[in-house]
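# Structural description and commentary
The primary structure of each chain is shown beneath.
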Amino acid sequence: MKTIILMLTMFLSVEAFSHEIKGTLILKGTAKTKIVLNGMEVRCHVKVDEVKNNMVEDSYGNPAYRVWTVIELSGGTSENRLSHKQEIRFTNIHPETNGMIVLDDSYRGENVTSASMRIDERGRIRSVSFPFNGRSVSCSF
């Protein structure tokens, strides 16, 4: 009985302190969609230029990555055109109460703190949110 309790305690303590990631790396390439912004249909185009190891590990020893992206908004009507281009660096290391944690599918802006990006289990961009003209714009792919 003591052995079972001891093994159960060890299992629970290891489970409480472990953090498992799949190691899904974001894919290079582009994602495009159309959104409505200020009553206009515009094209949201996100290009992943570069993906590099951040040379930083989280509290569990998982490596963090830095992603360079170029986000473009373009479109509108002939009398009201919109053209915006922004470079944002993202990372998948996030602060938590006990230090830092790497998340497979969630990236946060480094140079634009209110920006975020989500990827799917295959490494493709699922959504990007970023500031534009004092508000948050979200593009889902």
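Reading the values: rules and limits
- Residues numbered from 1 in each chain as written.
- Predicted model: local features only at pLDDT ≥ 70, side-chain atom pairs only at ≥ 80, totals over all residues.
- Heavy atoms only, no water.
- Disulfide = S-S within 2.5 Å.
- Helix = DSSP H or I, 4+ residues; strand = E, 2+ residues; numbered from the N terminus.
- Buried < 20%, exposed > 50% of the residue type's maximum accessible area, 1.4 Å probe, protein only.
- Salt bridge = Lys/Arg side-chain N within 4 Å of Asp/Glu carboxyl O.
- Pairing = 2+ DSSP bridges.
- Axes fitted to C-alpha atoms, helices over the stretch in contact; angles between N-to-C directions.
- Polar contact = N/O pair within 3.5 Å; in protein donor to acceptor, adjacent residues only side chain to side chain.
- Contact = heavy atoms within 4.5 Å.
- Core = buried A, V, L, I, M, F, W, Y, C linked by side-chain atoms within 4.5 Å.

As enumerated under the stated definition, the model contains 1 disulfide in all. There is a disulfide in this structure between Cys44 and Cys139, and the S-S distance comes to 2.1 Å. The sign of the S-S torsion, about 105 degrees, decides the handedness of the disulfide formed by Cys44 and Cys139: right-handed. Here Cys44, found in strand 2 (residues 40–57), pairs with Cys139, found in strand 10 (residues 135–140); they are 95 residues apart in sequence, far enough to count as distant. Exposure remark for Cys44: the relative accessible area of 0% places this residue in the buried category.

So, on to the pattern of salt bridges. With the rule as written, the count across this model stands at 8 salt bridges. For Lys34, the salt bridge goes to Glu41, with nearest N and O atoms at 3.9 Å. In this structure, Lys34 and Glu41 share a single accessibility class: exposed. Here Glu50 makes a salt bridge to Lys52, at a shortest N to O gap of 3.1 Å. One salt-bridge network, held together by shared partners, links Arg66, Arg89 and Glu110.

As a further point, take the sheet that holds strand 10. Reading across the sheet, the 8 strands line up as 1-2-3-4-7-8-9-10 and stay open at both edges, with antiparallel pairing between neighbours. Because the sheet does not close on itself, it has two edges, and the strands there are strand 1 (29–37) and strand 10. Taken pair by pair, the neighbouring strands of this sheet meet at an average axis angle of 25 degrees, ignoring direction. Pairing of strand 1 with strand 2, which is carried by 9 bridges, proceeds in the antiparallel orientation. Across the sheet, the residue bridging to Ala31 is Val46, located in strand 2.

With that settled, consider the side chain of Gln86. The topology assignment puts Gln86 in strand 4 (residues 81–91). Among the polar contacts made by the side chain of Gln86, one reaches the side chain of His84 at a distance of 3.1 Å. What Gln86 contacts, discounting residues up to four positions off in sequence, is Thr69, Val70, Ile71, Val112, Phe130 and Pro131.

The biggest cluster of nonpolar side chains holds 27 residues, and the ones touching the most others in it are Ile26 and Phe130. Going through the elements one at a time, strand 1, strand 2, strand 3 (63–76), strand 4, strand 8 (116–119), strand 9 (125–132) and strand 10 are the ones with two or more residues in this core. Per-element tally for this core: the top contributor is strand 2, with 6 residues. Every residue in contact with Ile26, bar those within four places of it in the chain, is listed here: Val48, Val51, Val67, Tyr107, Met117, Ile119, Gly123 and Ile125.

Another point: unusual backbone geometry. Phi at Asn38 is positive, roughly 55 degrees, even though this residue is not glycine. Tracing the backbone through its elements, the reader meets Asn38 in the loop between strand 1 and strand 2. A relative accessible area of 54% places Asn38 in the exposed class. If you check the backbone angles, Met55 has positive phi at about 60 degrees while not being a glycine. The class for Met55 is exposed, based on a relative accessible area of 72%.

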